[in-house]
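# What the coordinates show
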Amino acid sequence: AGVVVESMAPMKRPASAKRPAASKKAKTVMEPGDDPFAVRRDLFKAGGLMVPNSDYAGPHCWKLTAGGFGKFEDAEPVELSYFAIRALGQLPQLCLEVAGYPYRFHVMTAPHFRDHVKSTLVFGRMPCLKTPKGSELAQSKAILRYVAKLGGLAGSTDEEAARCD
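Here's a quick rundown of the structure.

Analysis parameters
Residues numbered from 1 in each chain as written. Predicted model: local features only at pLDDT ≥ 70, side-chain atom pairs only at ≥ 80, totals over all residues. Heavy atoms only, no water. Buried < 20%, exposed > 50% of the residue type's maximum accessible area, 1.4 Å probe, protein only. Helix = DSSP H or I, 4+ residues; strand = E, 2+ residues; numbered from the N terminus. Pairing = 2+ DSSP bridges. Right-handed = clockwise from strand over helix to strand, strands pointing away. Phe/Tyr/Trp six-rings, centres within 6.5 Å; stacked < 30°, edge-to-face > 60°.

### Digging into the pairing of strand β2 (residues 78-83)
Burial within β2 is extensive, with 5 of its 6 residues counted as buried. With 6 bridges connecting them, β2 and strand β3 (residues 103-108) associate as parallel partners. Within the sheet, the bridge partner assigned to Tyr82 lies in β3 and is Val107. Traced from β2 through helix α2 (residues 90-99) to β3, the parallel crossover comes out right-handed. Across 3 bridges, the pairing between β2 and strand β4 (residues 128-130) is antiparallel. Residue pairing in the sheet places Glu79 in a bridge with Lys130 of β4.

Structure below.
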């Protein structure tokens with residue numbers, strides 16, 4: 001009967017995941033990212049990932065950020081890059097959210113990727129993840145395994161890790 005429209009807004013962390021009152025380490029400063037609702041409006045104006053609307057003159061790349069919480073409150077963020085669609089880049093983002101690990105998520109249109117990003121990547125493909133130490137991972141399963149291990153979601157034994165894979 002009705003059409004169900006999913007929101008592109010990031011998931012909110014539960015209220016029980018509030019940060020502790022004080023921390024002894026210097027906090028990682030996360031610059032604010034783009035407003036997820038503004039990103040969605042821009043994508044609608046562009047006509048979607050492939051930007052079929054030739055009159056669109058807005059941005060083609062956006063940055064969504066999430067600070068760490070709990071034991072990852074002061075962790076250095078990872079940088080995840082993917083197209084502005086829900087596909088191979090979404091599961092690593094969800095794992096980072098669930099774990100509370102800080103991240104920057106660069107989403108972009110296909111023309112922006114082709115013209116500005118592809119030639120800078122090791123394999124010229126996405127998703128791509130840059131670790132806090134600057135290493136670049138380019139395969140979706142490798143990224144997911146790395147993020148799960150980083151966030152403590154990969155299992156503590158070989159059997160648990162195999163079930164997670």
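On we go from here.
### Details of the packing of aromatic side chains
Within this structure, the stated rule accounts for 3 aromatic pairs. Note on Phe83 and Phe113: the rings are 5.1 Å apart at their centroids and 75° apart in plane angle, and the pair reads as edge-to-face. Of the two residues, Phe83 sits in strand β2 while Phe113 sits in helix α3 (residues 110-117), which places them 30 residues apart along the sequence. The exposure classification of Phe83 matches that of Phe113, with both residues buried.

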